[in-house]
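Residue strings, one per chain:
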Amino acid sequence: MLKTAFIFPGQGSQKIGMGSDLYQNFQAFKDVFDEASEAVSIDLKKIVFGNDEAVLNKTENAQVALVAMSVGVFRTLLSELVWNLNKMAEDNAFFVAGHSLGEYSALTSAGAVELSDMMKFIRQRGDIMSSAVADGVGGMMAVLGLDKDSVKQIAEKASVNENDLCEIANDNCPGQIVLSGHVTALKRAEVIAKEMGAKRAVMLAVSKPAHCSLMKSAQENLKPLMEVLPFNAPILPFVSNNSAKVENDVSVIKNQLIAQTTCGVRWVECVNFMIENGVQRFVEVGSGAVLSGLVKKIIPSDSQIVVESINNIQGVSDYVQSIR
């Protein structure tokens, strides 16, 4: 078996209808969705399997929906393969990692937090992040075609003061760096980026400026909730966005999750760490295939590393067949 990293997507990957086929065909997936709905006292089926994209895209809904989707897919794989986490840990052939919100999916899947406890926390997290910055004030923008140092210069030039700034949020892959901050600063950054030769500067479909100093109030409000969240060491090795290495100390992981609110995502370093530690297969677990695309741009062009995504019945079937 190829040494494998299960990777979990973050906010922005949500889609209307995601997981509907899995819900209808796999008891393990249905159990996760139903438990998640009960934990947060909302009908995820109505939100996710409905047709109102605006409702799903609300931060407080998108976050719980995405974690439920990813954990549901992962547990479906385990059920179909008749695997358990302890046996997987003994095999020493697996990592888990998530991008931003995806870290919570990764940790839940790795047995660090009970699903119902995590869903309650994520619902509160979504509410806190949603109210931290007024709609229309902040946002995020992807700068394509420039290296990290160049984008850092753009952010510095575009920022005026603490009330009108932008900062690097995500180092996603070579040539794709995400800025986060005030919309006014991001608009200046867009002009500067084009002047500096960027291929494109694209505003992202998110209403909140994640992973930057504008989320400081959210960070402070999340601390007491994180302190009381029941937490165990993950059973599978967990690669942190914050340190770009394996973390298993509960207090360290909790501190890093809180720091993640205002700090950037070191995704390139996370992927490279896993490659350096023998990973030969990256499996994106959840909605969409954003992370799969990023990983393909990070790994060497002549690499034999397998990259795939699992978000529907066919994906589950293909993966199970490849293992058997």
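Residues numbered from 1 in each chain as written. Predicted model: local features only at pLDDT ≥ 70, side-chain atom pairs only at ≥ 80, totals over all residues. Heavy atoms only, no water.

**Concerning helix α12 (residues 250–259)**
Burial in α12 covers these residues: Ile253, Lys254, Gln256, Leu257, Ile258 and Ala259. Buried residues belonging to α12 abut α7 (102–109), α11 (216–228), β7 (238–239) and β8 (246–247). (Buried < 20%, exposed > 50% of the residue type's maximum accessible area, 1.4 Å probe, protein only. Helix = DSSP H or I, 4+ residues; strand = E, 2+ residues; numbered from the N terminus. Contact = heavy atoms within 4.5 Å.)

**Re a negative patch on the surface**
Taken together, Asp31, Glu35, Glu38 and Glu114 make up a surface patch of like negative charges. Residue placement: glutamate 38 occurs in helix α2 (residues 27–40). Judged by its relative accessible area of 66%, glutamate 38 is exposed. (Patch = residues over 30% accessible without salt bridge, like charges linked within 9 Å, V, L, I, M, F, W, Y side chains within 5 Å. Areas by Shrake-Rupley, 256 points an atom, 1.4 Å probe, with all protein chains shown as cover. Salt bridge = Lys/Arg side-chain N within 4 Å of Asp/Glu carboxyl O. Lys, Arg positive; Asp, Glu negative; His and termini not counted. Charge placed at Lys NZ, Arg CZ, Asp CG, Glu CD.)

**Quick notes on the packing of helix α5 (residues 59–81) against helix α8 (residues 115–132)**
Between two packed helices, both the angle of their axes relative to each other and the distance between the axes serve to describe the pair. Where α5 contacts α8, the axes come no closer than 7 Å and their chain directions differ by 150°. Taken together, the axes of α5 and α8 are roughly antiparallel relative to one another. Of the two elements, α5 crosses α8, and the hand of that crossing is right-handed. Residue-level inspection shows Thr59, Glu60, Asn61, Gln63, Val64, Val67, Ala68, Val71 and Arg75 of α5 in contact with α8, the latter providing Leu115, Met119, Ile122, Arg123, Arg125, Gly126, Asp127, Met129 and Ser130. Grouping the constituent residues of the contact of α5 with α8 by class yields eight nonpolar, five polar and five charged. (Axes fitted to C-alpha atoms, helices over the stretch in contact; angles between N-to-C directions. Parallel < 35°, antiparallel > 145°, perpendicular 65-115°, else oblique. Left-handed = near helix turned anticlockwise from the far one by under 90°. Nonpolar A, V, L, I, M, F, W, Y, C, P; charged D, E, K, R; others polar.)

**A short note on the pattern of salt bridges**
All chains considered together, the criterion is met by eleven salt bridges. The salt bridge partner of arginine 188 is aspartate 164, with a shortest N-O separation of 3.0 Å. Taken together, the residues span a long stretch of sequence, with arginine 188 in helix α10 (residues 183–195) and aspartate 164 in the loop between α9 (148–158) and β4 (166–173) at a distance of 24 residues. The exposure class of arginine 188 is partly exposed, given its relative accessible area of 29%. Judged by relative accessible area, aspartate 164 falls into the buried class, the value being 16%. Here glutamate 269 makes a salt bridge to arginine 266, at a shortest N to O gap of 2.6 Å.

**Looking at the pairing of strand β1 (residues 4–8)**
Buried residues dominate β1, accounting for five of its five residues. What you see with β1 is no split at all: Thr4, Phe6 and Phe8 on one side and Ala5 and Ile7 on the other are buried throughout. As defined by bridge partners, β1 adjoins strand β2 (residues 94–98) across five bridges and the pair is classed as parallel. Along β2, the bridge assignment pairs phenylalanine 8 with glycine 98. As paired strands, β1 and strand β9 (residues 281–285) are joined by four bridges and run parallel to one another. Along β9, the bridge assignment pairs threonine 4 with arginine 281. (Pairing = 2+ DSSP bridges.)

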